[in-house]
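What follows is the residue order along each chain.
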Amino acid sequence: MANKTLDEYLYRWISVANERAERYSFPPGLIEESVQVLKFHLGEDYLMQIFEGSENLHLLGLRGQELDRWLRGGANVDDHVIQVLDLAALLREFKEDPSLQDKVDRLKRSSFWPSQFELAMALRAKRTIGTDGSVRLGGETNTTVGDFIIDWKQGLIACECARLAFGEEEEEQYRLVGDLYHYTYHQIKKLKRPCCVKIRVGGPLIPTAFTATIRCLKGAFSHFGRTNDASHEVEGIRVTIEPLTEDSEHIPFRYIDGRVQDVRRSEWVMAQSLCYVNARDGDEAAAMCRAGGDFVQDEYARVFLSWERKPADIDPYARIQNKIKKKRHQTKAEGGTYGRIIFLESQWDFDLLDPNRLRPIIDHELDGSRKTITVVIGQRCASVHYRRWYKFVVSKVGTSYATDSSLLAFLERMICYDRDFDPILNQRYFRTWKQAAELASQHEAESAAQERLRERHL
């Protein structure tokens, strides 16, 4: 069989995405045009490397695999389509900017999210500044002032962006989870009978524990190949494998109100069900799933995993405070500079942070900087409009700028942009948030009904 060309890969992706274009309120041709934007800016060789990549897509989609997950992972998932078109909108917005290629090159060098955040904030500034000024990207050089620059009537405003990512230890345990699942999956595929695998790590999931768990899994699978069930223990890690029957433990997690919840308060941190389906290949299975047809699943394994969850290795309040300090001193307020705005992207859910503790921290840092206009902390979220949008927490405005009414009005427009405007189409939403939520609930109910129908075939 001849190797596929890039256009064949892209045609397949576009065809699947277009099946739900109406759900996303995309006009005809937008998906095709957006993919061409990616092809132009990212390059054909880069995209071909993604589609022909042999590295397993990580179970949890961690750092470095964003575009791989959305493109090679297929357009069967709503979020994959939205993320790709959101990126295309950013590239389209700054196609004439001489510094865009610097951002793209950095984005392609394993710095996807920092570059994406800079472009996203610059886009919102550019679309809301009106006649008060203009917005341009900052180049990736040591002498550049600001990740993007607002040319304001009183002078240059340097905009510094930073992403408050989780720490390496927090990230590492989830990378190891994906590696464990991949290993376990390949071992299960070698078996001749359905099974239920339970992995209990009696401590934090760190590299030494991962290595011991692999040894423990090897022993357990070896025993299960000769006996009806197996149990193996290595250095405080225990693996049990038993036949999968009607009496086997069920997966305790359900998706409720936008969150995955353990409805049985079990011991497990993660769980997964593996099934065969009545399809020739992945493409046919995905098409049957989207069409809601007779999609028969034959479950052949369940995998349960528990470990001692480490607390978040970084205090979010201290991290935010330190990042603001760093950005204040990083941007020099030289001659012709009116001031600076600091944009931070939070990986912590705003709903889980205490605003009465957070606001005094950012306001205090603002008081110590005469040239800082404001500090904006954004959280990128999924919305009922089938878009990605930003929630913002904003500090007070520096005393030197409190009387600049045009600047205050611009900041208000920028912060409220995501509430009213579609960032992909740059137009007001057709539906209110309430109407969009009702429609999204209808879609969820339809999907749930299809899932119940499939479960009856198990």
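Residues numbered from 1 in each chain as written. Predicted model: local features only at pLDDT ≥ 70, side-chain atom pairs only at ≥ 80, totals over all residues. Heavy atoms only, no water.

**Q** I tried to follow the packing of aromatic side chains on my own but got confused; where do I start?
**A** The relative placement of two aromatic rings is captured by the distance of their centres and the angle of their planes. Tallied over the entire structure, the rule returns 16 aromatic pairs. Taking the ring centre of Y46 as reference, the NZ or CZ of K108 above it sits at 5.0 Å. (Phe/Tyr/Trp six-rings, centres within 6.5 Å; stacked < 30°, edge-to-face > 60°. Lys NZ or Arg CZ within 6 Å of the ring centre and 35° of its normal.)

**Q** For this particular structure, what's the right way to read the sheet that holds strand β11 (residues 337–346)?
**A** For sheets, the rule is that strands pair by backbone hydrogen bonds, running either parallel or antiparallel. Pairing in this open sheet of six strands is mixed, and the strands run β1-β2-β3-β11-β12-β13 from one edge to the other. Where the open sheet ends on each side, the last strands, each with one partner, are β1 (133–137) and β13 (388–394). Between one strand axis and the next, the sheet turns by 25 degrees as a mean value, whatever way the strands run. Pairing analysis gives five bridges linking strand β2 (residues 148–152) to strand β3 (residues 155–164), with the strands arranged antiparallel. Across the sheet, residue W152 finds its bridge partner in β3, namely G155. Its contacts with the sheet place helix α5 (residues 78–93) against β12 (372–382) and β13, and it is angled at close to 70 degrees to β13. Each of β1, β2, β3, β11, β12 and β13 touches helix α7 (residues 112–128); the most contacted strand, β13, lies at about 80 degrees to it. (Pairing = 2+ DSSP bridges. Helix = DSSP H or I, 4+ residues; strand = E, 2+ residues; numbered from the N terminus. Axes fitted to C-alpha atoms, helices over the stretch in contact; angles between N-to-C directions. Contact = heavy atoms within 4.5 Å.)

**Q** Before we go on, may I ask you to explain the side chain of R388 in this structure?
**A** Checked against the element boundaries, R388 lands in strand β13. For R388, the side chain forms a polar contact with the side chain of D79, separated by 3.1 Å. Those residues within four positions of R388 in sequence are excluded, and the remaining contacts are D79, I82, Q83, D86, R124, R380, C381, A382, D418 and P423. (Polar contact = N/O pair within 3.5 Å; in protein donor to acceptor, adjacent residues only side chain to side chain.)

**Q** Is there a simple way to think about the pairing of β12 in this case?
**A** Regular strands place their side chains on alternate faces of the sheet. Of all the eleven residues making up β12, ten are buried; the element is thus mostly covered by neighbouring parts of the structure. By the bridge criterion, six bridges tie β11 to β12 in an arrangement that is parallel. When the sheet's bridge partners are listed, E345 is paired in β12 with G378. Taken together, β11, helix α12 (residues 355–367) and β12 form a β-α-β motif whose crossover is right-handed. (Buried < 20%, exposed > 50% of the residue type's maximum accessible area, 1.4 Å probe, protein only. Right-handed = clockwise from strand over helix to strand, strands pointing away.)

**Q** I would appreciate a short explanation of the confidence of the model for the chain in the present structure.
**A** Close inspection of predicted coordinates is inappropriate for parts of the model with low pLDDT. In this model, the chain carries an average pLDDT of 86, and 87% of its residues clear a pLDDT of 70 or more. Helix α2 (residues 30–42) holds the highest mean pLDDT among the elements of the chain, 97, whereas helix α10 (residues 282–291) holds the lowest, 64. (pLDDT = per-residue confidence, 0-100.)

**Q** Can you help me understand the environment of W348 in this one?
**A** Looking at the secondary structure, you find W348 in the loop between β11 and α12. The exposure class assigned to W348 is buried, which follows from its relative accessible area of 10%. For the pair W348 and A165, spaced 183 residues apart in sequence, the C-alpha separation works out to 8.5 Å.

**Q** Looking at this model, I keep getting lost on the sheet that holds strand β10 (residues 297–306). Mind explaining?
**A** Ordered in space as β5-β6-β4-β10-β9, the five strands form an open sheet in which the pairing is mixed. Both edges of this open sheet fall to β5 (230–234) and β9 (270–277), since each of them pairs with a single strand only. The average angle at which neighbouring strand axes cross in this sheet is 10 degrees, direction not considered. Both β9 and β10 contribute to a ladder of eight bridges, which runs antiparallel. Counted as the bridge partner of M270 is L305 from β10.

**Q** What is the right way to read unusual backbone geometry from this model?
**A** The general pattern is negative phi for most residues beyond glycine and trans for most peptide bonds. At Y386, a position not held by glycine, the phi torsion is positive, near 60 degrees. Structurally, the position occupied by Y386 is in the loop between β12 and β13. Phi at N426 is positive, roughly 55 degrees, even though this residue is not glycine. Note on placement: N426 falls in the loop between β14 (421–422) and β15 (427–428). Its relative accessible area of 36% is what places N426 among the partly exposed residues.

**Q** How do you make sense of the packing of α2 against α5 when you look at a structure like this?
**A** Packed helix pairs are specified by the crossing angle of their axes together with the interaxial distance, meaning the distance between the axes. Two elements in contact, α2 and α5, have axes whose closest approach is 9 Å; the angle formed by their N-to-C orientations is 65 degrees. Considering how the two elements wind past one another, α2 and α5 form a crossing that is left-handed. Along the contact surface, α2 presents L30, I31, E33, S34, V37, L38 and H41, while α5 presents V84, L85, L87, A88, L91 and R92. (Left-handed = near helix turned anticlockwise from the far one by under 90°.)

**Q** How do you make sense of the packing of α2 against helix α3 (residues 44–51) when you look at a structure like this?
**A** As a packed pair, α2 and α3 sit with axes 6 Å apart at the nearest point and diverge in direction by 110 degrees. Looking at the two axes, α2 sits roughly perpendicular to α3. Contacts between α2 and α3 involve L38, K39 and L42 from the first element and E44, Y46 and L47 from the second. Per-class residue counts for the contact of α2 with α3 are four nonpolar, no polar and two charged. (Parallel < 35°, antiparallel > 145°, perpendicular 65-115°, else oblique. Nonpolar A, V, L, I, M, F, W, Y, C, P; charged D, E, K, R; others polar.)

**Q** Is there a simple way to think about the environment of I149 in this case?
**A** Tracing the sequence through the fold places I149 in strand β2. A residue is classified by how much of its surface remains accessible, and I149, at 4% relative accessible area, is buried. Sequence separation between I149 and R340 is 191 residues; the distance between their C-alpha atoms is 9.2 Å.

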